[in-house]
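As a plain string of letters, each chain reads:
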Amino acid sequence: MSKTTARKKTGIVDTMKKYQFMFEELVKRDFKQRYKRSILGMAWSILSPLMTLLVMRVIFTEFLGKDIPHYTIYLFSGNIVMSYFRESTRNGMRSLTSNAKIFTKINVPKYLFLLSKNVSALVNFGLTLIVYFAFCGIDHIRFTPKMFLLVYPSICLLITCIGIGAILSAMYVFFEDTSYLYDVVLTLLNYMSAIFYSVDSLSKNLQTAFLFNPVYVYIKYFRVIVIDGIIPSPAYHLLCLFFPVFYLSIGMFIYKKYNTQFLYYL
Amino acid sequence: MSNETAIKCEHVSIRYITGDFKSIGLKEYVIRRLTGNYHVKEFWADKDVTFTLNKGDMLGIIGSNGAGKSTLLKAVTGIMVPTGGKITVHGNIAALLELGSGFDGDMTVRENTYLRGALLGYTRKFLDEKYDEIIRFAELEDFQDYMFKQLSSGMKSRLAFSIACLVHPDILILDEVLSVGDGAFRKKSGAKMQEIIHGGVTAILVSHVMPQVRELCTKILWLDHGKQICFTDDVQHTCDAYEEFLARGKKAKVPRKQEQIDAYAEAYQKRLADQEAKKEKEKETGMYQTV
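Calculation rules
Residues numbered from 1 in each chain as written. Chains lettered and ligands numbered in written order. Predicted model: local features only at pLDDT ≥ 70, side-chain atom pairs only at ≥ 80, totals over all residues. Buried ≥ 20, exposed ≤ 12 C-beta atoms within 10 Å, placed from the backbone. Helix = DSSP H or I, 4+ residues; strand = E, 2+ residues; numbered from the N terminus. Pairing = 2+ DSSP bridges. Expected span 1.5 Å × (residues − 1). Contact = placed C-beta atoms within 7 Å. Core = buried A, V, L, I, M, F, W, Y, C linked by C-beta atoms within 7 Å.

Comments concerning the pairing of strand 8 (residues 219–224) of chain B
A regular strand places its side chains so that they alternate between the two faces of the sheet.
Residue and element names in this part refer to chain B.
1) Next: Burial analysis of strand 8 places five of its six residues in the buried class, which makes it a mostly covered element.
2) Next: Taken together, the five bridges between strand 8 and strand 9 (residues 227–232) define a ladder with antiparallel strand orientation. Across the sheet, residue Trp 222 finds its bridge partner in strand 9, namely Cys 230.
3) Next: Connecting the antiparallel pair strand 8 and strand 9 is a turn made up of two residues, with His 225 showing a positive phi of about 50°.

Structure follows, in structure tokens:
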């Protein structure tokens with residue numbers, strides 16, 4: 001009968017099978033919490049970015065958008081990536097604290113909470129992407145098979161968000177003010193990601209500095225494919241790959257190291 | 001009962017970190033680190049606890065509040081990792097700790113049942129089969145589609161208990177949850193618990209209800225402020241000593257040696273005998289008066 005010992009190492013497939021049902025139920029819960037089971041809740045997640053887009057379009061077109069072709073799509077690309085990043089990392093940050101009552105009583109893998117929050121943010125991103133492509137049609141953008149490549153930055157972005165969410169969720173357990181500080185970071189990031197302006201007029205050095213910002217890098221990928229119809233260079237693809245690897249490694253390291261210590265702080 | 005080991009706890013110590021780090025925040029933390037003004041206090045919730053349980057044993061853990069009972073249970077379930085020592089567990093564990101928390105108020109009873117079941121490690125198939133049974137046992141047939149927050153607290157704990165008691169574990173851990181709810185349900189849940197316990201599981205029970213401990217347990221572990229006073233299968237004797245220790249209040253000296261435990265137990269028996277005699281006497285005088 002002694003088939004399971006206290007901390008037995010099992011394969012990743014076994015683990016996934018074991019926790020699949022649990023994960024599904026967590027995802028369901030996060031969806032219900034998010035949309036509060038109303039149609040309006042679902043519609044709001046599309047309406048809200050549209051309203052942001054409208055306001056930006058009205059205000060910035062005169063000042064900043066004159067020399068940028070397809071400025072609406074230019075703005076929209078920036079908005080959807082930024083708002084996905086914002087929502088996903090913010091939710092990720094709260095994934096541990098909001099489930100503290102569960103994992104301090106029942107022995108479950110804590111990363112499931114983080115992943116489940118990311119799934120609901122990703123689905124929301126998918127919804128806004130549909131609207132995005134509808135606008136591409138309205139704005140006379142030519143649809144090409146190249147657009148399928150957008151899956152690549154989307155996956156990179158997803159994993160980057162998981163990594164950053166892991167780091168933030170751990171920090172939020174240890175420090176209460178993490179959420180305020182992160183809001184400041186997000187506001188800065190919003191201005192530093194060239195969402196409504198173009199970096200072309202900036203100095204070369206400054207333009208390079210933008211490439212340290214994952215949000216900007218993925219926004220640019222979207223724009224290059226959709227507006228310019230060009231496939232980015234292999235080097236750029238490598239750069240896209242750097243962020244998920246980097247942030248996920250840090251996040252996993254932190255979870256491994258502090259996995260048993262979260263309990264003391266909750 | 002076989003002599004197979006179910007749980008082996010060797011010199012287990014668990015350290016908590018306390019201090020004001022929870023509330024100071026990142027900015028304050030950085031400043032305090034820089035000025036060298038950052039202090040954390042250590043606190044040993046359990047210190048050098050050793051015991052072994054064989055299959056079918058029923059262990060009672062006794063001790064006053066803050067003795068480290070719940071912490072020890074968390075270490076056994078794997079929620080916590082001991083700072084020192086080693087715990088080996090053979091078989092799968094189910095823990096019923098403070099049942100009521102961790103539900104989602106904005107989800108229905110049905111949804112919460114599935115979520116909790118999933119968290120406890122049940123499969124979907126199992127829950128599909130047992131769902132009606134759970135609801136019937138919790139007596140919530142008419143409330144299945146109510147929001148969880150609309151339930152009364154009694155209903156909440158009834159549901160929590162009904163979901164949790166479906167487990168068929170090799171090892172069962174009970175933290176003061178032998179019975180919940182109002183009179184009728186308390187009886188039912190108590191009976192259900194007995195049924196599980198007598199099903200041959202190895203169990204650990206934390207309880208402040210001494211008659212319960214005396215009745216159910218085959219071994220006993222006495223903790224005081226994280227230190228192990230004794231671990232023995234002499235349940236009645238140790239319970240005697242513990243009750244005497246409690247009766248003497250705060251000033252009572254914590255027993256360190258077996259002789260001191262024996263002394264406490266003896267005093268308890270003596271007190272019991274005195275009370276008995278007193279009652280007898282009262283009865284006699286009473287009878288005398290009525291006559």
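Some remarks on helix 9 (residues 214–228) of chain A
Residues and elements named next belong to chain A.
1) Next: For helix 9, which comprises 15 residues, the first-to-last C-alpha distance of 20 Å matches the rise-based estimate of 21 Å (1.5 Å per residue) to within 8%.
2) Next: With twelve of its 15 residues buried, helix 9 lies for the most part within the structure.
3) Next: Taken as a whole, helix 9 has its buried residues at Pro 214, Val 215, Tyr 216, Val 217, Tyr 218, Ile 219, Lys 220, Tyr 221, Phe 222, Arg 223, Ile 225 and Val 226.
4) Next: Of the surrounding secondary structure, the elements contacted by the buried residues of helix 9 are helix 3 (71–94), helix 5 (111–138), helix 6 (151–174), helix 7 (178–192), helix 8 (204–210) and helix 10 (234–258).
5) Next: Once helix 9 ends, the next one or two residues include Gly 229, with phi positive near 70°.

Describing unusual backbone geometry
Residue and element names in this part refer to chain B.
1) Next: The backbone phi angle of Asp 48 is positive, close to 55°, even though this residue is not glycine.
2) Next: Within the secondary structure layout, Asp 48 lies in strand 2 (residues 41–54).
3) Next: The partly exposed category is assigned to Asp 48, around which 14 C-beta atoms lie within 10 Å.
4) Next: Of note, the phi angle at His 225 is positive, near 50°, even though the residue is not glycine.
5) Next: As for its position among the elements, His 225 is in the loop between strand 8 and strand 9.
6) Next: Note on His 225: 15 C-beta atoms within 10 Å, which makes it partly exposed.

What to know about the nonpolar core
1) Next: Ranked by internal contacts, the top residues of the largest apolar core, which has 65 residues, are Val76(B), Ile173(B), Ile204(B) and Leu205(B).
2) Next: Each residue touching Ile173(B), except ones within four places of it in the same chain, is listed here: Leu73(B), Val76(B), Thr77(B), Ile93(B), Ala95(B), Leu96(B) and Ile204(B).
3) Next: Residues Phe21(A), Phe76(A), Phe103(A) and Leu127(B) belong to the second largest nonpolar core, which totals 58 residues.

Observations concerning the interface of chain A and chain B
1) Next: Each partner contributes to the interface: chain A provides 28 residues, whereas chain B provides 34 residues.
2) Next: Elements supplying a minimum of two residues to the side of chain A that touches chain B: helix 1 (12–35), helix 4 (100–103) and helix 7 of chain A.
3) Next: Among the elements that line the side of chain A that touches chain B, the one with the most residues is helix 1 of chain A, at six residues.

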